[in-house]
Amino acid sequence: MPPPNPSDFEQQLVALRGYLMRFARLQLRNDSWAEDAVSETLLAALAKPLAFEARSQLKTWLVGILKHKIIDILRQRQREVTLDFGFDDDHADPLDQMPFRIDGHYAEKPADWGNPEQDLRSRQFMAVMDACTQKLPPVQGRLFLMREWLEMSSEEVCKELALTPTNLYVQLHRARLRLRECLELNWFAAR
C-alpha cells in the first residue's frame, strides 16, 4: 500500500480533532487533560502515518489510540480527580426504577430490533448510537463509555471514580435503559 499523502493525512487529522476532543472531554471531564490526550493521539498518528494501514477507518484507528491515552491519563492523575456526581437518589431502591411487572415480565415489550449484528455494522446506526450516548446524563455517559467503550473492568471503574459496585451497576443499568429508549425512538421505530 502506498504511504498516505502527508498533506491529505494531516487535513483528515484536523477534521477529526473535534470528534476526538468531545470523546476525551466526556471521559476525562477536564479540558486540559482532554487536550493533552488528543494532542498526544494526533502526535502519535503524525509520527507514524505508515502505521495506519487502512484496515479500518482513520477515525476508528485514532479512537483506538485515544482510548489508550485516556486510560494512561486516568491512571497518572488518579489522585487529582475530584468529581461531584450529584446523585440525589443513592439510597433509592434500584428495583423501583426497573420497567418490570410484579410477575417479572417487562411492563412494555421491547421493540423488535431485527438483526443487531447487521445494524452494528451500519454507519448510520453508529451515528445514532453516538448521538444517543452523548444525550446520556454526563455521569452515566462517562460510566457507560468507561465500561463498554474503554473496556475497563467494573473494579477499575469503581476504583477510579470511588463508587460502590452497587452504585456502578445501578448507573450502568439506567444508562442502558436510556440508550435502549433513545435507540428505539431514533433508530428502530424509524425503520
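Use the structure listed above.
Draft legend 1. Structural detail: the environment of I73. In this structure, I73 sits in helix α3 (residues 58-76). Of the residues examined, I73 reaches a relative accessible area of 3% and is grouped as buried. Sequence-wise, I73 and W33 are 40 residues apart; in three dimensions their C-alpha atoms are separated by 7.4 Å. Among all residues touching I73, those that are not within four sequence positions of it are L28, W33, D36 and A37.

Draft legend 2. Just the pattern of salt bridges, in detail. Evaluation of the coordinates by the stated rule reveals 5 salt bridges. A salt bridge links E35 to R17; the shortest N-O distance between them is 2.5 Å. With E35 in helix α2 (residues 31-47) and R17 in helix α1 (residues 6-28), this pair connects stretches of sequence that are 18 residues apart. Its relative accessible area of 30% is what places E35 among the partly exposed residues. Given the relative accessible area of 30%, R17 is considered partly exposed. With a closest N to O distance of 2.5 Å, R176 and E148 form a salt bridge. Note that R176 is positioned in helix α8 (residues 165-188) and E148 in helix α6 (residues 138-149), a separation of 28 residues in sequence. Overall, R176 belongs to the partly exposed group, its relative accessible area being 38%. For E148, a relative accessible area of 37% translates into the label partly exposed.

Draft legend 3. Region of the structure containing unusual backbone geometry. One non-glycine residue, R29, lies in positive phi territory at about 55°. Turning to its location among the elements, R29 is positioned in the loop between α1 and α2. Under the relative-accessibility criterion, R29 is labelled partly exposed at 37%. Positioned with a positive phi, A162 is a non-glycine residue whose angle comes to about 55°. Note on placement: A162 falls in the loop between α7 (154-161) and α8. According to the relative accessible area criterion, A162 is exposed, its value standing at 70%.

Draft legend 4. Expanded view of the packing of aromatic side chains. Enumeration over the complete set of coordinates arrives at 1 aromatic pair. Pairing F23 with W149 gives two aromatic rings, centres 6.1 Å apart and planes at 65°, and the pair type is edge-to-face. Taken together, the residues span a long stretch of sequence, with F23 in helix α1 and W149 in helix α6 at a distance of 126 residues. The exposure class of F23 is buried, given its relative accessible area of 7%. Owing to a relative accessible area of 34%, W149 belongs among the partly exposed residues under this scheme. The side chain of K59 reaches across the aromatic face of Y19, ending 4.0 Å from its centre. Over the face of the ring belonging to W149 we find K67, whose NZ or CZ atom lies 5.5 Å from the ring centre.

Here is what the cut-offs are and how they apply
- Residues numbered from 1 in each chain as written.
- Predicted model: local features only at pLDDT ≥ 70, side-chain atom pairs only at ≥ 80, totals over all residues.
- Heavy atoms only, no water.
- Helix = DSSP H or I, 4+ residues; strand = E, 2+ residues; numbered from the N terminus.
- Buried < 20%, exposed > 50% of the residue type's maximum accessible area, 1.4 Å probe, protein only.
- Contact = heavy atoms within 4.5 Å.
- Salt bridge = Lys/Arg side-chain N within 4 Å of Asp/Glu carboxyl O.
- Phe/Tyr/Trp six-rings, centres within 6.5 Å; stacked < 30°, edge-to-face > 60°.
- Lys NZ or Arg CZ within 6 Å of the ring centre and 35° of its normal.

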